[in-house]
Amino acid sequence: MGGRGWTGGMAIALLVAGIASMPLAAQRGRGQAPALSPRAAAPVDLTGYWISIVTEDWRWRMVTPAKGDYDSVPLNAAARRAADSWDPKQDEAAGEACRSYGAPAIMRVPGRLHITWDNDTTLHIDTEAGTQTRILRFGSPSPSEEPAWQGQSAAQWELGGRAGGMFGVSQAKPSGALKVVTTRIRPGYLRKNGVPYSANTILTEYFNALPREENGDTWLVVTTVVTDPQFLNGRFITSSHFKKLPDGTAWHPTPCRSS
Amino acid sequence: MPRGRPSAGVGLGALAAALTIPLIAQTPAPQPAASLVDYTDEVARTATAGIDFTGEWAPRFHEDEPERVPGPELGDYLGIPINDAARLRATTWEASIQTLPEWQCRPHSADYIWRGPSALRVSKEVDPVSRQVIAWHAEWLRSVDRQIYMDGRPHPSPNAPHTWAGFSTARWDGDVLTVKTTHLKEGYVRRNGLPRSDQATLTEHWMLHGDILTVAVIVTDPVYLTEPFIRTTDYELDLHQWVPPYPCQVVEEVDRPAGRVPHSLPDTNSAVADFSKRCGIPVEATRGGAETMYPDFRLKLGDITSRCIAAQR
């Protein structure tokens, strides 16, 4: 009889489980609100003025690095050959002074950012350095565009927490990061001294706005993953940090410089 | 009834117990017996938050590789918000201090090790009753097993011992793990003598994106820093990695008189200016300080092309 008792117990138990989970399931299924726009659904606020704090890679970012100083970048032989032929004057003359301000490099160039929403589905980043503009679009990619320094960026929220689950328990407020994948990037430099990336580059970024610190600071961390089968031996991963500013009073855009 | 086979009542009881877990997560409930977790509102709030950081994490030296693997040069304090006391003390430092028996097995501290040249393993401790993560463990090759408590315990008295790992507690901010660390032994912010005091506190934010771990480390030090010092460091998940044991044995590395501690007297070590000369970067920058970490410092520098090339070291 023991076996039959266990089976009976399981049946009752499953019934109890079903009853217990009903209210939560009903809450999820009843009267679902229309889908929120990316702007309304934003789990974090990335908007505002931010300034890069250069505590890493100083000698490659705050001054123009020497030709041949390629430390830290997983370059292949072709990339080294290309970098060894770097000629900033030639770039300037060819109208290519913005080569080191493209999407794969721009978050690493010291300066301020201004992030705003253009509309419910488009984030907009202006940079002081090189006076560049990045457009991060949610949803379906726009029709194919010509390769540009800032490429074509597709954005999506990486929502955190566990919605649903075995017992239907979910976080009260999801939180997460912004993931951005950028393609169709005009070839340029990962660093000012001619370290190249190609037109085949795929850039993946994660934007995390961190909780406010005890001293009032708020930080934005951008993890940047560059994949370039033409010039890199593997993924090139860096992370850059920005401190939030109260306003844009110090905003001072500067043009691209080749050296 | 056969031994070991549960009755219907036992089955119901077990299920009822299981069903209470999510309900507890929604409303505070009495503390269950034999659990290390105190079911406070905070625990309930965070019970369904967070993600799993466990795994083998390989450092990627795509930032500051010369500083992290071979090691920094003497006199390179670029971009670090140090004060005069830190600078003065750093100029007294000599690398050969590492050969002293007392220093040979000294591990990197909790704040520095993220930037050190070591593989990382993260594991977790789970409460057997509540099944909540009650602690994370972070182990590096050249450091100690660092425990990060998630069970809401308070930090100890200020008079409690300070250690290389310090005392760490953490909480979830969405999917970001925020860690607070106190009780650190004196350490360094760069391996060229830049000191970090035992009064310093540490805030970390752990972020996971697929197979990439990014950690923001913010050091606040009232003794040697004028502003918080932040760095963000990346690791890649590496399923083939193994963090080997690192038994350290003290040996006689240098024959020197007993009690001799390698050092320079303040402001007498001219070698601290070599980095500036070699790289063509003004001393005003290489001396560091908060000003040097802000982009507008470049206006002071003017257009400079560095002469630094690793091969010339």
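Residues numbered from 1 in each chain as written. Chains lettered and ligands numbered in written order. Predicted model: local features only at pLDDT ≥ 70, side-chain atom pairs only at ≥ 80, totals over all residues. Heavy atoms only, no water.

Side note on the overall build of chain A
Then step 1. A tally of regular secondary structure across chain A gives five helices and 11 strands.
Then step 2. Looking at the 259 residues of chain A, the share that counts as buried comes to 52%.
Then step 3. The contacts of chain A with a sequence gap of at least 6 include a subset with a gap of at least 24, amounting to 61%.
Then step 4. Counting every atom, chain A has about 11500 Å² of accessible surface; 55% of that belongs to carbon and sulfur. (Helix = DSSP H or I, 4+ residues; strand = E, 2+ residues; numbered from the N terminus. Buried < 20%, exposed > 50% of the residue type's maximum accessible area, 1.4 Å probe, protein only. Contact = heavy atoms within 4.5 Å. Areas by Shrake-Rupley, 256 points an atom, 1.4 Å probe, with all protein chains shown as cover.)

Focus: the environment of T238(A)
Then step 1. Inspection of the secondary structure puts T238(A) in strand 11 (residues 236-245).
Then step 2. You can call T238(A) buried: its relative accessible area is 6%.
Then step 3. Separated by 15 residues in sequence, T238(A) and T223(A) place their C-alpha atoms 5.9 Å apart.
Then step 4. Filtering out sequence-adjacent residues up to four positions away, T238(A) remains in contact with R108(A), V222(A), T223(A), T224(A), H62(B), E63(B) and D234(B).

Comments concerning the sheet that holds strand 5 (residues 167-173) of chain B
Residue and element names in this part refer to chain B.
Then step 1. Read around the barrel, nine strands follow the order 1-2-3-4-5-6-9-10-11 and close on themselves; strand pairing throughout is mixed. Between one strand and the next, the sheet's axes are offset by a mean angle of 30°, whatever the strand orientation.
Then step 2. Both strand 2 (residues 120-126) and strand 3 (residues 133-140) contribute to a ladder of seven bridges, which runs antiparallel. Across the sheet, residue V126 finds its bridge partner in strand 3, namely V133. (Pairing = 2+ DSSP bridges. Axes fitted to C-alpha atoms, helices over the stretch in contact; angles between N-to-C directions.)

Let's talk about empty space enclosed by the protein
Then step 1. The tally for this structure, following the rule as stated, stands at four cavities of 30 Å³ or more.
Then step 2. The space that makes up the largest cavity amounts to roughly 170 Å³.
Then step 3. Lining the largest cavity are 17 residues, with R59(A), W60(A), D64(B), E67(B) and D76(B) positioned closest to its centre.
Then step 4. Secondary-structure elements contributing two or more residues to the lining of the largest cavity are helix 2 (58-61) of chain A together with helix 3 (65-68) of chain B. (1 Å grid on protein atoms, 1.4 Å probe; cavity = no way out; pocket = protein on both sides within 12 Å on 5 of 7 lines; lining within 4 Å. Points joined across faces, edges and corners; volume = space filled by probe spheres on them.)

Topic: the nonpolar core
Residue and element names in this part refer to chain B.
Then step 1. Residues F53, W114, L120, W136, L177, W206 and L213 are the most contacted members of the largest nonpolar core, which totals 37 residues.
Then step 2. Going through the elements one at a time, helix 4 (84-90), strand 2, strand 3, strand 5, strand 6 (176-182), strand 9 (201-209), strand 10 (212-220) and strand 11 (229-237) are the ones with two or more residues in this core.
Then step 3. Looking at this core, the element that brings in the most residues is strand 10, giving four residues.
Then step 4. In contact with W114, other than residues within four places in its own chain, are R68, L120, W140, R146, E204, W206, L213, V215, V217, T233 and Y235. (Core = buried A, V, L, I, M, F, W, Y, C linked by side-chain atoms within 4.5 Å.)

Considering the side chain of R256(B)
Residues and elements named next belong to chain B.
Then step 1. Relative to the assigned elements, R256 resides in the loop between strand 11 and helix 6 (274-279).
Then step 2. Of the side chains bearing the opposite charge, E252 lies closest to the buried R256, which forms no salt bridge; the N-O distance is 6.4 Å.
Then step 3. Reaching out from R256, the side chain makes a polar contact with the side chain of T99 at a distance of 3.0 Å.
Then step 4. If we ignore the near neighbours within four places in the chain, the residues touching R256 are S96, T99, L100 and P262. (Lys, Arg positive; Asp, Glu negative; His and termini not counted. Salt bridge = Lys/Arg side-chain N within 4 Å of Asp/Glu carboxyl O. Polar contact = N/O pair within 3.5 Å; in protein donor to acceptor, adjacent residues only side chain to side chain.)

Considerations on the pattern of salt bridges
Any two side chains of opposite charge can pair, so long as their charged atoms come close to each other.
Residue and element names in this part refer to chain A.
Then step 1. Counting across every chain of the model gives 33 salt bridges over all chains.
Then step 2. Residue D69 pairs with R59 through a salt bridge whose shortest N-O separation is 3.3 Å. Linking D69 in the loop between helix 2 and helix 3 (77-84) with R59 in helix 2, this pair joins segments that are 10 residues apart in sequence. Here the two residues D69 and R59 agree in accessibility, since each one is buried.

Concerning the side chain of S72(A)
Then step 1. By the secondary structure assignment, S72(A) is in the loop between helix 2 and helix 3.
Then step 2. In this structure the side chain of S72(A) is engaged in a polar contact, spanning 3.0 Å, whose partner is the backbone nitrogen of E65(B).

Some thoughts on the state of the cysteines
Residue and element names in this part refer to chain A.
Then step 1. A complete count under the given rule lists three disulfides over all chains for this structure.
Then step 2. Residue C98 pairs covalently with C256 via a disulfide, S to S 1.9 Å. Taking the sign of the torsion about the S-S bond as the criterion, the disulfide between C98 and C256, at about 95°, is right-handed. Note that C98 is positioned in the loop between helix 4 (88-93) and helix 5 (103-106) and C256 in the segment after strand 11, a separation of 158 residues in sequence. (Disulfide = S-S within 2.5 Å.)

Considering unusual backbone geometry
Then step 1. Of note in this structure, S72(A) is not a glycine but carries a positive phi near 85°.
Then step 2. Residue S72(A) is classed as buried on the basis of its relative accessible area of 8%.
Then step 3. Of note in the backbone geometry, R131(B) takes a positive phi value of approximately 65° without being a glycine.
Then step 4. Within the secondary structure, R131(B) is located in the loop between strand 2 and strand 3.
Then step 5. Among the residues examined, R131(B) registers a relative accessible area of 65% and is labelled exposed.

Considering the packing of aromatic side chains
Residue and element names in this part refer to chain B.
Then step 1. Scanning all chains against the criterion turns up 13 aromatic pairs over all chains.
Then step 2. Ring centres of F53 and W206 lie 5.4 Å apart, and the angle between their planes is 85°; this geometry places the pair in the edge-to-face category. Within this pair, whereas F53 is found in the loop between helix 2 (41-46) and strand 1 (55-59), its partner W206 is found in strand 9, the two being separated by 153 residues in sequence.
Then step 3. You can call W206 buried: its relative accessible area is 0%.
Then step 4. Where Y149 meets F167, the ring centres are 5.4 Å apart and the plane angle is 35°; that geometry is what we call tilted. Remark: F167 occurs in strand 5 and Y149 occurs in strand 4 (residues 146-149); sequence separation between them is 18 residues. The exposure classification of Y149 matches that of F167, with both residues buried.
Then step 5. Members of the aromatic cluster, each reached through a chain of ring pairs, are F53, W114, W136, W140, W172, W206 and Y235. (Phe/Tyr/Trp six-rings, centres within 6.5 Å; stacked < 30°, edge-to-face > 60°.)

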